[in-house]
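Chain residues, written in single-letter form:
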4 protein chains.
Amino acid sequence: MKVGIVGATGYGGVELYRILSNHPHVDECILYSSSEMDVPYTQSFPHLNNLSDHRLKNIDVEEMKKNVDVLFLATPPGVSSKLSPQFINSDVKIIDLSGDLRLKQKSVYEQWYKRECVEEEILEGAVYGLSELNKVDIANAQLLANPGCFPTATILGLAPVVKQKLIDEKSIIVDAKTGVSGAGRNASPGTHYSEVNENVKIYKVHEHQHIPEIEQALHNLNDSISFISFNTHLMPMTRGIMATIYVSLTETTTTEKLLDLYNEFYSNSPFVRIRKDNEFPSTREVYGSNFCDIGLKVDERTGRITIVAVIDNLMKGAAGQAVQNFNIMNGFEETTGLYFAPIYP
Amino acid sequence: MKVGIVGATGYGGVELYRILSNHPHVDECILYSSSEMDVPYTQSFPHLNNLSDHRLKNIDVEEMKKNVDVLFLATPPGVSSKLSPQFINSDVKIIDLSGDLRLKQKSVYEQWYKRECVEEEILEGAVYGLSELNKVDIANAQLLANPGCFPTATILGLAPVVKQKLIDEKSIIVDAKTGVSGAGRNASPGTHYSEVNENVKIYKVHEHQHIPEIEQALHNLNDSISFISFNTHLMPMTRGIMATIYVSLTETTTTEKLLDLYNEFYSNSPFVRIRKDNEFPSTREVYGSNFCDIGLKVDERTGRITIVAVIDNLMKGAAGQAVQNFNIMNGFEETTGLYFAPIYP
Amino acid sequence: MKVGIVGATGYGGVELYRILSNHPHVDECILYSSSEMDVPYTQSFPHLNNLSDHRLKNIDVEEMKKNVDVLFLATPPGVSSKLSPQFINSDVKIIDLSGDLRLKQKSVYEQWYKRECVEEEILEGAVYGLSELNKVDIANAQLLANPGCFPTATILGLAPVVKQKLIDEKSIIVDAKTGVSGAGRNASPGTHYSEVNENVKIYKVHEHQHIPEIEQALHNLNDSISFISFNTHLMPMTRGIMATIYVSLTETTTTEKLLDLYNEFYSNSPFVRIRKDNEFPSTREVYGSNFCDIGLKVDERTGRITIVAVIDNLMKGAAGQAVQNFNIMNGFEETTGLYFAPIYP
Amino acid sequence: MKVGIVGATGYGGVELYRILSNHPHVDECILYSSSEMDVPYTQSFPHLNNLSDHRLKNIDVEEMKKNVDVLFLATPPGVSSKLSPQFINSDVKIIDLSGDLRLKQKSVYEQWYKRECVEEEILEGAVYGLSELNKVDIANAQLLANPGCFPTATILGLAPVVKQKLIDEKSIIVDAKTGVSGAGRNASPGTHYSEVNENVKIYKVHEHQHIPEIEQALHNLNDSISFISFNTHLMPMTRGIMATIYVSLTETTTTEKLLDLYNEFYSNSPFVRIRKDNEFPSTREVYGSNFCDIGLKVDERTGRITIVAVIDNLMKGAAGQAVQNFNIMNGFEETTGLYFAPIYP
């Protein structure tokens, strides 16, 4: 197959390249960029010397339709809204890593993203690609909205207890922590080393655009859920997301029973690993891999559970899950080209 | 005055030394250690070359009673239980930075610390030294229990809304993040650079020994509060604590009104700084200083508030607050020798 | 005294403020910025809440001449070239932290800085302010060129053996390492957290503009020295410089004798600390302080010495040394307001 | 093939497992440990959940001879000296990642390692496995001494100019920088996060045991070389080594000509990447990969060259090169199972 990556000079794009250039079913990667043209890819990324002789190409929809089977959009907000509609009814499958196509309601997008939304009929046609929860629809998708990094960790952490209606639907609180690479490759005061190092910082308090995405997905699993509390913190590290989730149980249960439920729920999900009783994952333990690791524990004193879900934000939170969806969309084994170990330490 | 520091070779001890050696009312510091004896202090801490010609002394209660006016105990759990009782009815004032004397109930201590507690009459005589909330008792204390690092940030973050009974007393959830120096100077797998770097890790889930300390203090402010949910995360940084606090409001209010309440509540507290609307503190902004910075925001969608409190765990979370209490206990201005700016960046 | 800081919103400027706002002989700090005007200083630096109620002022030479006794220029290259000449023959003393006035030869400046130089007569009037080596001239300076960060560590590390002519004058190799704050507060791809973290990077190979500054100073100590080899590396840390220096001995000697020489040479230099035999300083050991720590060792096998000098680049490498010079220029004790301990850990 | 890893719970061992468990010619990995026995490997390394169901086995030479084709020793100094001799004349090929077998002279080993050496006849039989320089001997080796991390970067950086006799043989100075993982997985004061973070530290000045290894290899390339100056610095990062090398040219040449020489010299070395003129590699650019990247530049002013060589210390500096040698020893393509991209960022 021939794949194209739009936004190849971003962190999501170069991570896609790392995976796809070794994927057994990918014959060719074509790399597109709006900012640079006809320069060697290794000029932006010298770590790829010897591994890539690509030159960056300009974005040209007609050329893409001719040369590409699957197109990955690893682009800033707003680009996919413009680009994706041009591929409707073409033979090109689109996997959009941006947030443009994830929300089903135009008004909700515009409220949280504070920019214009694509037409609602495009949104309707887009399949939300949380691989573990939506495999059948993904398999048939032509236009796929790849989930956000925080939603991936949060929804996977909550899905079993939400679907089983074991928790108070108003009680969900998610305290998320992320590495800096999630903010992208552009330099800004907020990503300056001296500002991030030896620092923890909360940002977008109550206003993160991933909130409605999580709420929409949880509502689909249990329609009595309408809101969550959610905050994000910037950590002094490059990769990794941890979602620490607090929920109230509606009836008494044990950690052991819940772990059984989670293991059962994810029994066909090779990238979700449930930890044993009294074990919790750390972000390092999924570094560079497509795994989502989950640990949990009942707190008898308070009637709450603490659930911890970790991912590598550039892998399961972006490029890795995109390739997982690429596999599902094309009838390949879900783990193809993706089932490698985390780098440790 | 003459002060003694027991546990001078730990991180808490050396931070005490940094402050006290510049304190205008301290004539002499005597440094005690159980692990090293009669060696120059600069052998452990070469960064103090030219600044200290102390030699470490062995712990000797009778010698201390003769030579010391105030004794700081910056020691591991269990040491103060043995040492403090020997100074009852002496002229030496004790400021204990360990957790041994903070809880009023022996059984609670033994349940959470999993070690034997000092006699309850000793506990009764110990004053809990959260400087901002307990100034009168601190001023008269002979035996002072200096608060834990997490309790300091959490209680200061919650006190105004708890005391005013503005929040659902069962709704308190605290997600805490800390730098590694809080784990002390001893090497262990958990403090190995390669294990901490580029990693976020949750630990002691539902079991942190600071939980009952926080609950006791909140209960004193509002006796309908009996429990909280509380978790701690290890961050890849050396200093700094952030407590992200989630509570449900019992009635509608605004961020502005709550900020007014906090500013009023802490109007006589020079080390507590309340941020403006839409501003939140980061840990870096108190690095090396004795400040506790607090930001908050009402979430109308969920009826909850997010409160963020940050401190430097070795300063306001340990040595800094100990000296603040030392000032109060001795009738000095609270800020004496302590009111310096954070190091930034 | 009244002092002004131009470039107050940079890292050098805010570090100057940290020191000067606590300096016993400074009555007032006036803060100037070309980028922001009439906004509270705490808007740029919330860590200074409660500690500063300054508003940033526009640069106005006439106003400065009226209100300021000493003016610190913590500005990018080129600004001082424009500003300093306007204060010649005024009552205002100028301490310039930029590189504009350090080199005595216009052509050398233009070759290495690749920008126009100030008139040579201005250069001639400027005193090079390496405090330890030039105290008499500094005491009488009206226009002071504060040394660069790398030159400070390197020259202090080399001065005794250079002055005593103990080393081969063509053999000097300096391998320098620096934290990121030296690159200033502006965001750029090179200071992006994700690019700096978990990375070591060499830059400006053979071309660093501090090379001629070091060569000029060494030549002044021993005029047979005309060049050095010098490279700089960016470390994943915020503060700190280490210069690892390799030189060939012209005759056999011992580590002990050299340490004696260094201790003698710096016997009146309170901020230079010579380590004992077999001890070497690390950057952490001077963090936040004005010390320069030096260790050295003879290698009998190769006939070379390894000399290691460390400083905090924002302190002894910039703002700290500027205040040290301010003290000397104004007849205060050299250590006034500056003699505090490093932050450790 | 069946391979065994002794020291599987160390950082070198787990990195070997990461590679070998995906190697197309490895049918089975057997994991040995002296410290733990019959426990699941994932107990030490939860990041390998789902990827390993191994249990750690005790070291038993007879069992190994029966079950293992190639045995990797990723063990502390001294272990291989005991273990390797027991496999002489067996069918098991040994790849020793420790320093025990690298030096050809017993007395040199004992002088630098300060421990007893194996018999000299064993040393004579061991092949030094710097893959790029010694391919024929490696192909025929039964007992292979895998190079140290610093020697690998240093020797690869120097080999072309040393072999071509372009440099003054007494002029070699190597300033090396390393991440903390090189110190192994054991906790010690020197690897405590709070001591390493925000710090650069020189160690083992003039005394590093890799010095004679480098000297021996350079002497083999050019027998007029008898010593080098070499120092190592600990950086605040987990992985990565940079060797910054300073040498004097014996005759005038250009950067361009030298780059041509290097490209020619390494034209059959798929893991060595020579950078273009004016480009230098950073450690991040080889992170997690087996590449050694080299950049260099002539300094006309001083007549010296600066050469920079970077590797991932756990990959090309240990486990990666061991597998590269495993490939060569067994007649596989050198890059088999090893030719993957660095993780970036």
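The structure displayed is predicted, hence computed values, not measured ones.

Moving on to the relation of the copies chain A and chain B. Take chain A, turn it by 180 degrees, move it 0.0 Å along the axis, and it overlays chain B with an RMSD of 0.0 Å. In the structure described here, the two chain copies are related by an operation that fits a two-fold rotation axis. Across chain A, the smallest distance between a C-alpha and the rotation axis is recorded for A:P236, namely 3.2 Å. When you check the interface residues of chain A against chain B, 100% turn up at the interface there too, and the contact is symmetric in its surfaces.

A few words on the pairing of strand β12 (residues 292-299) of chain D. Remark: a regular strand shows side chains that alternate across the two faces of the sheet. Residues and elements named next belong to chain D. Of all 8 residues in β12, 8 are buried; the element is thus mostly enclosed. Side chains of β12 alternate between two faces, with C292, I294, L296 and V298 and D293, G295, K297 and D299 buried alike. Sheet analysis places strand β11 (residues 272-274) next to β12, joined by 3 bridges and oriented parallel. In the sheet register, V272 faces β12, and the bridge partner there is C292. As judged from the 7 bridges shared by β12 and strand β13 (residues 304-311), these two strands associate in the antiparallel manner. Bridged to L296 within β13 is I307. Following β12, the chain reverses through 4 residues before pairing antiparallel with β13; G303 in that reversal takes a positive phi of roughly 70 degrees.

All names here are of chain A. Relative to each other, helix α1 (residues 11-20) and helix α12 (residues 315-329) sit at 45 degrees, their axes nearing to 9 Å. Comparing their axes, α12 and α1 come out oblique. Between α1 and α12 lies a crossing whose hand is right-handed. Together, G12, E15, L16, R18, I19 and L20 of α1 and M315, A319, G320, A322 and V323 of α12 make up the contact between the two elements.

On to the interface of chain C and chain B. Counting residues at the interface gives 34 residues for chain C and 34 residues for chain B. Roughly 2,800 Å² of surface becomes buried between chain C and chain B when both sides are summed, with 58% attributable to carbon and sulfur atoms. The tally of links from chain C across to chain B stands at 10 residue pairs in polar contact (both at pLDDT 80 or more). Those elements that place two or more of their residues in the side of chain C that touches chain B are α1 (11-20) and β11 (272-274) of chain C. The element contributing the most residues to the side of chain C that touches chain B is α1(C), with 4 residues. The residue inventory of the side of chain C that touches chain B, partitioned by class, reads 18 nonpolar, 8 polar and 8 charged.

By the definition in use, this model includes 76 salt bridges over all chains. The salt bridge involving A:E334 is made with A:K135; its shortest N-O contact spans 2.8 Å. Of this pair, A:E334 sits in the segment after α12 while A:K135 sits in helix α7 (residues 135-139), placing them 199 residues apart in sequence. You can call A:E334 buried: its relative accessible area is 9%. The partner of B:E213 in a salt bridge is B:R102, with the nearest N and O atoms 3.0 Å apart. Linking B:E213 in helix α10 (residues 210-221) with B:R102 in the loop between β4 (93-96) and α5 (106-113), this pair joins segments that are 111 residues apart in sequence. In this structure, B:E213 and B:R102 share a single accessibility class: buried. One continuous salt-bridge network, built from bridges that share partners, spans A:E15, A:R18, A:R239 and A:D312.

Turning next to the nonpolar core. A:L16, A:F72, B:L16 and B:F72 are the most contacted members of the largest nonpolar core, which has 98 residues in total. Aside from chain neighbours lying at most four places away, what touches B:L16 is B:I5, B:F72, B:A74, B:L97, B:A319, B:A322 and B:V323. Among the nonpolar cores identified, the runner-up in size contains 96 residues, and C:V308, C:A319, C:V323 and D:V70 belong to it.

For D:H208, the location among the structural elements is in the loop between β8 (201-203) and α10 (210-221). D:H208 has contacts with D:W112, D:F150, D:Y203, D:F230 and D:T232, leaving out every residue within four places of it along the chain.

What follows covers the UniProt feature "active site" (unreviewed entry) in chain A. Residue and element names in this part refer to chain A. The positions UniProt marks with the feature "active site" (unreviewed entry) are C149. Among the residues examined, C149 registers a relative accessible area of 14% and is labelled buried. Dropping the residues within four chain positions of it, C149 is found in contact with H210, I241, I311, N313 and G317.

Further remarks concern the domain arrangement of chain A. Residues and elements named next belong to chain A. Split by domain assignment, chain A resolves into domain 1 (2-125) and domain 2 (150-312). For domain 1 and domain 2, the distance between their C-alpha centroids amounts to 27 Å. Taken together, the contacts link 12 residues of domain 1 with 14 residues of domain 2. Together, the buried faces of domain 1 and domain 2 total about 1,100 Å²; carbon and sulfur atoms form 55% of this surface. Our count for the domain 1 to domain 2 interface comes out at 2 salt bridges. For the pair domain 1 and domain 2, the interface holds 7 residue pairs in polar contact (both at pLDDT 80 or more). For the side of domain 1 that touches domain 2, the secondary structure elements donating two or more residues are α1 and α5 (106-113).

The rules behind each value
Residues numbered from 1 in each chain as written. Chains lettered and ligands numbered in written order. Predicted model: local features only at pLDDT ≥ 70, side-chain atom pairs only at ≥ 80, totals over all residues. Heavy atoms only, no water. Least-squares fit on C-alpha atoms with pLDDT ≥ 70 in both. Contact = heavy atoms within 4.5 Å. Buried < 20%, exposed > 50% of the residue type's maximum accessible area, 1.4 Å probe, protein only. Helix = DSSP H or I, 4+ residues; strand = E, 2+ residues; numbered from the N terminus. Pairing = 2+ DSSP bridges. Axes fitted to C-alpha atoms, helices over the stretch in contact; angles between N-to-C directions. Parallel < 35°, antiparallel > 145°, perpendicular 65-115°, else oblique. Left-handed = near helix turned anticlockwise from the far one by under 90°. Buried area = accessible area lost by both parts, 1.4 Å probe. Polar contact = N/O pair within 3.5 Å; in protein donor to acceptor, adjacent residues only side chain to side chain. Nonpolar A, V, L, I, M, F, W, Y, C, P; charged D, E, K, R; others polar. Salt bridge = Lys/Arg side-chain N within 4 Å of Asp/Glu carboxyl O. Core = buried A, V, L, I, M, F, W, Y, C linked by side-chain atoms within 4.5 Å. UniProt positions renumbered as here; feature names shortened; annotations may be inferred. Domains from an automatic or database assignment.

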